[in-house]
Amino acid sequence: MSRLERNWQYAEQYPTETDAMVRARRLSLELGIEPVSRSVAAQLGGLVAATGARTICEIGTGVGVSGLALLRYAPEATLTSIEIESEHLRQARTVFSEAGVANARLRLIEGDAGQVLPRLNLEAYDLVVIDADPEHLLSYVEHALQIVRPGGTIAVPGAFAHGRVTDPAARDIIAQHLRDLLTTVGDSPAIAPVLSPAGDGLLMLTRLQV
């Protein structure tokens, strides 16, 4: 194992999680859902704490692993989370309830994000997390740039597509979409992009106040 691999492994194992997050992570695996890794969950929670985000939108609720991370250090924050799978959303409601998250802090929406996002208020969110349907990622990011406020951030877990983005031989549609996104935001004067190697890659895009 190389030094960089040891560093990555240590960073993945370092974060502690609440009992509710551990239970949600276990439930995710039982249902065949791939939740964000521990290091990515920690980065999302830290991003909320560092920026003081109060209004958060998440595309891809799963059963609540990332949602719990987003709300962990922000008792005043509210979360709007979109999930297309009714069973996942039902489980998530239970997970949030058992974790003691008040209903007033949650807006769980069942539906296709492509149809829900255009109905959300413009520049209404401090942070938008996109963890769903990579085939429509570019469209989701375009919508997210409209609903996130200037100075707000869009976070995209899974930016390496299980290592395919960094593999020049990988030519599948998802890897190509992610490469296109990375190129586009890297060239944009309106976005400050940061790509972290945490988990399967975490892309963070801050909308500049231009």
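In this report, we go over the structure that sits alongside the text. The structure displayed is predicted, hence computed values, not measured ones.

Let's shift gears to the packing of helix H7 (residues 137–147) against helix H8 (residues 173–187). Where H7 contacts H8, the two axes come as close as 9 Å, and the packing angle between them is 35°. On the side of H7, the interface is formed by Leu137, Leu138 and Val141, while H8 contributes His177, Leu178 and Leu181. Here the residues of the contact of H7 with H8 sort into five nonpolar, one polar and no charged.

With five of six residues buried, strand E2 (residues 78–83) is to be regarded as a mostly interior element. Two strands pair when backbone bridges link them, and strand E1 (residues 55–59) and E2 are joined in this way by five bridges, in the parallel orientation. Considered in E2, the bridge of Ile59 is made with Ile82. Tracing the backbone out of E1, into helix H4 (residues 65–71) and back to the parallel element E2 gives a crossover that is right-handed. Handedness of the crossover joining E2 and strand E3 (residues 106–110) through helix H5 (residues 86–98): right-handed.

For the structure shown, the criterion picks out one aromatic pair. For the pair Tyr10 and Tyr14, a centre-to-centre distance of 6.4 Å together with 20° between the ring planes defines the contact as stacked. Relative accessible area serves as the criterion here: at 60%, Tyr10 is assigned to the exposed category. A relative accessible area of 62% places Tyr14 in the exposed class.

Parameters at a glance
Residues numbered from 1 in each chain as written. Predicted model: local features only at pLDDT ≥ 70, side-chain atom pairs only at ≥ 80, totals over all residues. Heavy atoms only, no water. Axes fitted to C-alpha atoms, helices over the stretch in contact; angles between N-to-C directions. Helix = DSSP H or I, 4+ residues; strand = E, 2+ residues; numbered from the N terminus. Contact = heavy atoms within 4.5 Å. Nonpolar A, V, L, I, M, F, W, Y, C, P; charged D, E, K, R; others polar. Buried < 20%, exposed > 50% of the residue type's maximum accessible area, 1.4 Å probe, protein only. Pairing = 2+ DSSP bridges. Right-handed = clockwise from strand over helix to strand, strands pointing away. Phe/Tyr/Trp six-rings, centres within 6.5 Å; stacked < 30°, edge-to-face > 60°.

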